[in-house]
Amino acid sequence: MQIENSYKKIFEENKKWVEKKKDENPYFFAHLAEEQNPDYLYIGCSDSRVHANEIMGLAPGEVFVHRNIANMVVNSDLNILSVINYAVEHLHVKYIIVCGHYGCGGVKAAMKPRNLGILNPWLRNVRDVYRLHEDELDAITDMESRYDRLVELNVYEQCLNVIKIAEVQKSYLEKGYPRVAGWVYGLKDGILHDLQIDFKKELNRVQKIYDLTKEE
Ligand SMILES: [Zn+2]
């Protein structure tokens, strides 16, 4: 019964929200319906506690959002490749942000070598990040700190995966955007941490092997 009541309440709350927005600005929905013009593409975790607009303090229309388990940018995932393509070529976003979070269940699951059925191929991408940074991670003896560091390194590697995409490289070469940033959100304190990834340096490094701006 409780879930049925809470389900019904969603529509009641929605009506209240619509009225509140119209009171604040009678043209709110008319303007939103006309177009979206976000400067940011946010790639985050599906975790219900990490809500892009809210943690960034942005209104509807200001951030284009993609979320999946452990905020991954996977080369064979047509979903995220389509989101990035649309964000870069049609919305002309200025920043692509990969935002992980401490306490990420997906990253934690990947830290344990276990068979997790259908989740195996997805989590393998996180396990690959562990393998790439195995020496650094294994040197951290405190398991909580090692877990936090894997969350950060996973964000870093997903930023590199964004930079490896042809549309991102071409757009930056031609227009000077988008830039790519990596953040980690703290569930316990609500603070966003910028990993201060040096975009130009990483772009140069990536392009040494993955320069996709030149034709044959
Ligand atoms: Zn997560």
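As shown above, the structure is provided for reference.
**Student:** Please set out the overall build of the chain residue by residue, giving values where relevant.
**Tutor:** Along the chain, the regular secondary structure elements total ten helices and five strands. By principal-axis analysis of the C-alpha atoms, the chain measures approximately 55 × 50 × 30 Å. For the chain, the proportion of contacts with a sequence separation of at least 24, taken over those separated by at least 6, is 64%. Just so you have it, the chain exposes about 13300 Å², and 52% of that area is on carbon and sulfur atoms. Between the averaged position of the 28 positive side-chain charges in the chain and that of its 33 negative side-chain charges there is a distance of 3 Å.

**Student:** Which residues make up helix 6 (residues 120-132), and what are the values?
**Tutor:** Between the first and last C-alpha of helix 6 there are 18 Å, a value that for 13 residues agrees with the 18 Å anticipated at 1.5 Å per step. Of all the residues in helix 6, the buried ones are L123, V126, V129 and Y130. In this fold, the buried residues of helix 6 make contact with helix 5 (105-111), helix 7 (134-138) and helix 8 (143-163).

**Student:** Help me get a handle on the pairing of strand 4 (residues 179-185), residues and values and all.
**Tutor:** Of all seven residues in strand 4, six are buried, a share of seventy percent or more. Relative to strand 5 (residues 192-194), strand 4 runs antiparallel, the two sharing three bridges. Paired with V184 across the bridge in strand 5 is H193. Taken together, strand 4 and the strand that follows it, strand 5, pair antiparallel across an intervening segment of six residues, in which G190 is found at a positive phi of about 75°.

**Student:** Now, about the packing of aromatic side chains: what can you tell me, with residues and values included?
**Tutor:** If you walk through the whole model with that rule in mind, you get six aromatic pairs. A centroid spacing of 6.0 Å and a plane angle of 55° characterise the contact between Y7 and F11, whose relative ring orientation is tilted. Taken together, the residues Y7 and F11, both in helix 1 (residues 2-24) and four residues apart, mark about one turn of the helix. Accessibility expressed as a relative area gives 54% for Y7, which makes it exposed. An aromatic cluster is present here, built from W17, F28 and F29 joined pairwise through their rings. The ring of Y177 carries the charged tip of K94 above its face, separated from the ring centre by 4.6 Å.

**Student:** Mind laying out the coordination of the zinc ion, listing which residues take part and the relevant values?
**Tutor:** Within the protein, the zinc ion binds to C45 (SG), H101 (NE2) and C104 (SG); these donor distances fall in the range 2.1 to 2.3 Å. Site description for the zinc ion: donor spacing in sequence, C-x55-H-x2-C. Residue C45 is located in strand 1 (residues 40-45), and its partner H101 is located in strand 3 (residues 95-101); the two are separated by 56 residues in the primary sequence. A single burial state applies to C45 and to H101, both of which are buried.

**Student:** Can you explain unusual backbone geometry? Please cite residues and give values.
**Tutor:** Here the residue pair Y177 and P178 is connected by a cis peptide bond, since its omega of 5° sits within 30 degrees of zero. Among the secondary structure elements, P178 is positioned in the loop between helix 9 (166-175) and strand 4. Positive phi, close to 70°, is recorded for A70, a residue that is not glycine. On the secondary structure map, A70 appears in the loop between strand 2 (63-68) and helix 4 (78-89). One non-glycine residue, N71, lies in the positive phi region at around 45°.

The rules we used
Residues numbered from 1 in each chain as written. Predicted model: local features only at pLDDT ≥ 70, side-chain atom pairs only at ≥ 80, totals over all residues. Heavy atoms only, no water. Helix = DSSP H or I, 4+ residues; strand = E, 2+ residues; numbered from the N terminus. Contact = heavy atoms within 4.5 Å. Areas by Shrake-Rupley, 256 points an atom, 1.4 Å probe, with all protein chains shown as cover. Lys, Arg positive; Asp, Glu negative; His and termini not counted. Charge placed at Lys NZ, Arg CZ, Asp CG, Glu CD. Expected span 1.5 Å × (residues − 1). Buried < 20%, exposed > 50% of the residue type's maximum accessible area, 1.4 Å probe, protein only. Pairing = 2+ DSSP bridges. Phe/Tyr/Trp six-rings, centres within 6.5 Å; stacked < 30°, edge-to-face > 60°. Lys NZ or Arg CZ within 6 Å of the ring centre and 35° of its normal. Donors = N, O, S within 2.8 Å, 3.2 Å for Na, K, Ca; no water.

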